[in-house]
Amino acid sequence: MGDTLEFSDIYQEVKGSWNDGRLRFGRQSVVYKSSKTGKVDSIPAAELSQAQWRRVCLGQGIKLTTSTGHIYKYDGFRDTDFEKISEYFKAHYKVELSEKELCVKGWNWGTTKFSGPLLSFEVSDSPAFEIPLASVSQCATGKNEVTLEFHQNDEAEVSLMEVRFYVPPGDTVFRDSVLSKADVIQATGDAVCIFKELQCLTPRGRYDIRIYPSFLHLHGKTFDYKIPYSTVLRLFLLPHKDQRQMFFMISLDPPIKQGQTRYHFLILLFSKEEDLSLSLNMTEEEVEKRYGGKLSKNMSGSLYEMVGRVMKALVNRKITVPGNFLGHSGTQCITCSYKASSGLLYPLERGFVYIHKPPVHLRFEEVSCVNFARGTTTTRSFDFEIETKQGTQFTFSSIEREEYGKLFDFVTAKKLSIKNRGFKEGIKGKDDMLEDSDEDQHDAYLERMKEEGKIREEANDSDDSDGESGEYDSKASASDSSAEEGDSDREKKKRPAKKAKVVKERKPRKKKPKDSGAPKRPMSAYFLWLNASRESIKAEHPGISITEISKRAGEMWRELGKEQKVEWDGKAEEAKKDYEVAMREYRESGGGSSAPSKKYSIMSQLNTYS
């Protein structure tokens, strides 16, 4: 028997929905990795105390109980896996894998048993159903019943809202047992520390962040959010492109909710120049005992460093920072657009992160392929498309052409599949000394256009030659045809050479000289509005390019109502009248060309002939 046993397509139930992944039994631990979120659960082998083999909805399942009171359930095994797993558990874990039958009678009366974080409802000593108390969000008591409400999972097709249990009047033992293990967040006691008025991009606003031992409390003017640390998947600390600000990003599963809106990411924005002196609401002995040197009672430094340090210690997760990628401008991110909003794309060591509206995190292991596509607005930009294994496509557009080589090298180094790799192989041969030159820089799309042009030219040439040979054959005499049939050794009549095509050179148009002294033409209502709104667009979208300003301004102008456009239409009409008056005065003073226009001269000739 080997040192490990691995099973794919094993399912774990998470708040009413099934998440698939891989389960590995090793000598030191049992490890389960979710294919959806990438989250890894590790159970030390020394803590395993009980294992049960049960028939469940997806075939056969295993229920593991640890000495610390935690319970893990995995489904999707085959009947033939029982003997193999049972022998492995006896040999390496010293635990017997026992078989347990579930009650399927459908009776609604029985006994309840609390086993650690699990509530089991049993009928005739066989469990009918089990409720993880961590999924209980509220426990309400009535005259003779107790109602359990559950955390909802948005991805579950069918959700269980509540379960009611009948209890004798005045019996509080059942309710107290549920509340002792339920995930009912209550702000009891003082917070470890408080960060005042932090700028939050998602959800937008300014929030006070109160740090409690088991959850994070966001307190704003309108909304409050209580986020358990168990829902935090990853932490990111990413520098802004201007090098003066920092993003702190928290990935959440399940997300926080505001009405029908779901926020899978919490994004905070900090200034590098903002410092903070922090004192934890704990004694030095408690800090040392609980956090083991990761924190100290009194700390000082940059605000983003303090928030990151506290979150890392309490959540117990590493903070992801940018890797070795450097863009053309020397920064660790790329300016682009996603869903008509400008933002920053960060190529990290294990995935891509886009900030911010909406935030996106794509791990390399869930990426099927990437594609470099021609930009839709200008030839000096391109689109970067990422397709996941689930078939979802993410398109990051309006990326500057100078970033093309850097991004292509990064994707190649990470061994990601590239759809249109055939058009980009020549990128490796470019000279490093000329890397920043627009004229000498290799452009895969330009090469592609050249190849397609050659194919079209060859197709046109072949069509021309076929047409000429057909014309020659149609003019051949009947005697020539009979002579060729009669004497096969006679040389065939040679076809005349193809005439060379004569292309007439077009004469360049003579541009009419511009009169520098004439009054400037008036601007339209749109351009008057654009000049007044350009600075506000820049302030709302820091680092936005000129092209994106025009694109964003066009969308905003289309969204303006008729009442708002009346003001600018009036200003444009006034500017037009002022231009006509200034132009009349300019001509009366002798300005402009005195020669009659072409239209006027033609009309004069027509009148003369008539």
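Structure: above.
Treat the numbers as computed from the prediction; the structure is a model and nothing was measured.

Conventions and cut-offs
- Residues numbered from 1 in each chain as written.
- Predicted model: local features only at pLDDT ≥ 70, side-chain atom pairs only at ≥ 80, totals over all residues.
- Heavy atoms only, no water.
- Helix = DSSP H or I, 4+ residues; strand = E, 2+ residues; numbered from the N terminus.
- Buried < 20%, exposed > 50% of the residue type's maximum accessible area, 1.4 Å probe, protein only.
- Areas by Shrake-Rupley, 256 points an atom, 1.4 Å probe, with all protein chains shown as cover.
- Pairing = 2+ DSSP bridges.
- Polar contact = N/O pair within 3.5 Å; in protein donor to acceptor, adjacent residues only side chain to side chain.
- Contact = heavy atoms within 4.5 Å.
- Patch = residues over 30% accessible without salt bridge, like charges linked within 9 Å, V, L, I, M, F, W, Y side chains within 5 Å.
- Salt bridge = Lys/Arg side-chain N within 4 Å of Asp/Glu carboxyl O.
- Lys, Arg positive; Asp, Glu negative; His and termini not counted.
- Charge placed at Lys NZ, Arg CZ, Asp CG, Glu CD.
- Expected span 1.5 Å × (residues − 1).
- Arc of directions from axis to C-beta.
- Axes fitted to C-alpha atoms, helices over the stretch in contact; angles between N-to-C directions.
- Left-handed = near helix turned anticlockwise from the far one by under 90°.
- Nonpolar A, V, L, I, M, F, W, Y, C, P; charged D, E, K, R; others polar.

Participant: Whenever I open this one, the overall build of the protein confuses me. Can you help?
Facilitator: Counting secondary structure elements, the protein contains 11 helices and 31 strands. Within the span of the protein, comprising 610 residues, buried residues form 38% of the whole. Within the structure as shown, the protein displays about 38000 Å² of accessible surface, and the carbon and sulfur contribution to it stands at 48%.

Participant: Sorry, what's going on with the pairing of strand 20 (residues 245-258) here?
Facilitator: One face of the sheet, then the other: side chains in a regular strand alternate in exactly this way. In this sheet, strand 20 lies alongside strand 19 (residues 232-239) in antiparallel orientation, the contact comprising seven bridges. Bridge assignment links Leu 235 to a residue of strand 20, and that residue is Ile 250. Connecting the antiparallel pair strand 19 and strand 20 is a turn made up of five residues, with Gln 243 showing a positive phi of about 60 degrees.

Participant: Before we go on, may I ask you to explain the sheet that holds strand 24 (residues 319-320) in this structure?
Facilitator: Neighbouring strands of a sheet are bound in pairs by backbone hydrogen bonds; such pairs are parallel or else antiparallel. Pairing in this open sheet of eight strands is mixed, and the strands run 18-17-16-15-21-20-19-24 from one edge to the other. On the outer flanks of this sheet lie strand 18 (224-228) and strand 24, each paired with one strand and no other. Where strand 17 (residues 215-219) meets strand 18, five bridges bridge the pair, whose relative direction is antiparallel. From the neighbouring strand, Leu 216 faces strand 18, where its bridge partner is Ile 227.

Participant: Would you take a moment to explain the side chain of Lys 63 for this structure?
Facilitator: Here Lys 63 lies in strand 6 (residues 59-66). Taking relative accessible area as the criterion, Lys 63 reaches 10% and is therefore assigned buried. At 3.1 Å, the side chain of Lys 63 and the side chain of Glu 130 are in polar contact. Filtering out sequence-adjacent residues up to four positions away, Lys 63 remains in contact with Gln 50, Ala 51, Gln 52, Arg 54, Ile 71, Tyr 72, Lys 73, Leu 118 and Glu 130.

Participant: Would you take a moment to explain a positive patch on the surface for this structure?
Facilitator: On the surface, Lys 294, Lys 312, Lys 318 and Arg 350 cluster together into a positively charged patch. Residue class for Lys 318 comes out exposed when judged on its relative accessible area of 72%.

Participant: Please explain helix 1 (residues 81-93) as it appears in this structure.
Facilitator: An α-helical turn contains 3.6 residues, so any two residues separated by three or four positions project in the same direction. Relative to the 18 Å expected for 13 residues at 1.5 Å per residue, helix 1 spans 17 Å between its end C-alpha atoms, a close match to the ideal helical length. Within helix 1, the full set of buried residues consists of Asp 81, Phe 82, Ile 85, Ser 86, Tyr 88, Phe 89 and Tyr 93. For helix 1, the buried positions fall inside an angular range of 165 degrees around the axis, keeping them on one side. More than 90 degrees from the buried face of helix 1, the exposed residues found are Glu 83 and Lys 90. Note on helix 1: the residue one or two positions beyond its end, Lys 94, has a positive phi of about 55 degrees.

Participant: Where do I start with unusual backbone geometry in this structure?
Facilitator: Across residues other than glycine, the phi torsion is negative in most instances, and most of the peptide bonds are trans. Pro 203 follows Thr 202 through a cis peptide bond whose omega is -10 degrees. Topologically, Pro 203 is positioned in the loop between strand 15 (193-202) and strand 16 (205-211). In this structure, the amide linkage connecting Asp 253 to the following residue, Pro 254, adopts the cis form with an omega of 5 degrees. The topology assignment puts Pro 254 in strand 20. The phi torsion at Lys 94 lies on the positive side, around 55 degrees, for a residue other than glycine.

Participant: How do you make sense of the packing of helix 8 (residues 525-540) against helix 9 (residues 546-559) when you look at a structure like this?
Facilitator: A pair of packed helices can be characterised by two numbers: the angle between their axes and the separation between those axes. Helix 9 packs onto helix 8 with a crossing angle of 115 degrees between their chain directions and a minimal axis gap of 10 Å. Viewed along their axes, helix 8 and helix 9 form a crossing whose handedness is right-handed. Mapping the contact onto sequence places Ala 525, Tyr 526, Trp 529, Leu 530, Arg 534, Ile 537 and Lys 538 in helix 8 and Ile 549, Ser 550, Arg 552, Ala 553, Gly 554, Met 556 and Trp 557 in helix 9. Here the contact of helix 8 with helix 9 is built from residues that sort into nine nonpolar, two polar and three charged.

Participant: Where do I start with a negative patch on the surface in this structure?
Facilitator: A cluster of acidic residues, Asp 569, Glu 573, Glu 574, Asp 578 and Glu 580, forms a negative patch at the surface. Looking at where Asp 569 falls in the secondary structure, it is placed in helix 10 (residues 562-588).

Participant: I keep staring at the sheet that holds strand 9 (residues 111-115) and nothing clicks. Help me out?
Facilitator: What the three strands build is an open sheet, ordered 9-10-11; its pairing is antiparallel. Bordering the open sheet on either side are strand 9 and strand 11 (126-132), each of which pairs with just one other strand. Adjacent strand axes in the sheet meet at a mean angle of 25 degrees when their direction is disregarded. With five bridges connecting them, strand 9 and strand 10 (residues 118-123) associate as antiparallel partners.

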